[in-house]
Amino acid sequence: MLAQSLGAVPILAGAASADEPIVVHRRDGGLSERGVLESLGPDGLRWTTADGMDRRDRWSALREVEGLDAAHRPLLADGTLLWRATNRLERGEIALAAPLFGDLADRWSGEGSLRQVEAMVGLIRCRSRLGDPVGAALASLELLELEDGRDVAAGLERLPGGWPVEASLLAVDPLGEDAARLRVGLRRFAESRVAERAAWIETVLLGSPAPEGGTSAEQDALASLCMALRSLDDRSPTTLLAERDERLADAATPAEERWIHARIAATLAGESDPDLRRRGLLEWLCIPARHPESVEAPLAFRAAAAVAAELGEDDLAWRLSRAAARAVEDLRSRPVPRTTP
């Protein structure tokens, strides 16, 4: 379990003394319980009920704790913020949840706690749905760094290499602002435990040269996926079209299918031949057609609209831009199932 992997709930220096009577009020509407506080830390408190039963509660599950001293009430207040952010995510209030998760993840950086994991997961999910794949990728690397060497299950759907499928691996324009932001953000991981993974992410998102050496990277499933996606960029349009169906059939997950569609689409749309560019436009549209609820759907509509505009098909470009706007609004307001570590 994640709690065991990250260690027992740490006891804070100066924590409330044992045998201190408390009354616990949970958010689920259950009966309040009296007991004796044993220990507390960032992830919750351990206490004993009046009949001697051992209890552990996360701060986000508690509405109030009577008897908690003033020095430790900020822990309960932070739990309320995490609960509020998670509820907003569940209701589809993505734009309201994102800054809360971001603030909490920043403040809890370095804790190695359950609440830090939960904040990072929420931040990845929000950034993905707000159309910020670069921000989601950087947050995902932070989560991998936090989890490194631990048997964890943070609740996100993962690829075999551990990469969250909600953090898109669509290529980034190497000359754009997002690319500059990504390059700056990746510097933070140059000497970290996930440096090799960060190097592979740079390869697949920015088209940078593949990392040299590193047996762990060679064996890593994420590295293998990045190499497979990156190899599509070096194929000719004729080869891409010939290999297309086989590549898609070999994809292990729907996320990989979407990323393969995007790689093929971007290459074809960048050709001078109008027929190939139209074929690229259609390839972009395969993503929302086959995966309408994916985080890549709005990005694909937007890319298809840009291709249509370049081809001089203004009416189609307008319609696709409208479709992109609707997909964005849907993604930002769709309820997100809870994934509590």
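On a predicted model such as this, the values are computed, not experimentally measured, just so you know. (Residues numbered from 1 in each chain as written. Predicted model: local features only at pLDDT ≥ 70, side-chain atom pairs only at ≥ 80, totals over all residues. Heavy atoms only, no water.)

Caption draft 1: Fine view of helix α10 (residues 237–250). In this model, α10 (14 residues) spans 19 Å end to end at C-alpha, consistent with the 20 Å of a helix rising 1.5 Å per residue. The largest bend along α10 measures about 50 degrees and falls at Glu-243. Tucked into the core, α10 has its buried residues touching α9 (221–232), α11 (254–269) and α12 (274–290). (Helix = DSSP H or I, 4+ residues; strand = E, 2+ residues; numbered from the N terminus. Expected span 1.5 Å × (residues − 1). Bend = angle between axes of the 7 residues up to and from the residue. Contact = heavy atoms within 4.5 Å.)

Caption draft 2: Structural context of the confidence of the model for the protein. Mean pLDDT for the protein: 90, with 90% of residues reaching 70 or above. Low pLDDT, under 50, characterises residues 1–16; the stretch is placed with 36 contacts to residues that sit more than four places away or in other chains. (pLDDT = per-residue confidence, 0-100.)

Caption draft 3: Layout of the packing of aromatic side chains. According to the stated counting rule, one finds zero aromatic pairs in the structure shown. One Lys or Arg, Arg-27, reaches over the ring of Trp-83 and ends 4.1 Å from the middle of that ring. (Phe/Tyr/Trp six-rings, centres within 6.5 Å; stacked < 30°, edge-to-face > 60°. Lys NZ or Arg CZ within 6 Å of the ring centre and 35° of its normal.)

Caption draft 4: Inspection of the nonpolar core at higher detail. Core analysis: the largest hydrophobic core is formed by 81 residues, its most contacted members being Trp-163, Leu-169, Trp-259 and Trp-284. If one sorts the elements of this core by residue count, helix α5 (residues 133–147) sits on top with nine residues. Residues within four places of Trp-259 in sequence aside, it is in contact with Leu-159, Trp-163, Val-165, Ala-167, Ser-168, Leu-169, Leu-170, Leu-225, Leu-229 and Glu-296. Judged by nonpolar contacts, the second largest core, of twelve residues, contains Leu-37, Leu-62, Val-65 and Leu-75. (Core = buried A, V, L, I, M, F, W, Y, C linked by side-chain atoms within 4.5 Å. Buried < 20%, exposed > 50% of the residue type's maximum accessible area, 1.4 Å probe, protein only.)

Caption draft 5: Broad picture of the pairing of strand β3 (residues 44–49). Buried residues dominate β3, accounting for five of its six residues. One ladder, built from six bridges, connects strand β2 (residues 33–41) with β3; its direction is antiparallel. By the bridge assignment for β3, Gly-41 is matched with Gly-44. Counted along the chain from β2 to the antiparallel partner β3, the turn is two residues long. (Pairing = 2+ DSSP bridges.)

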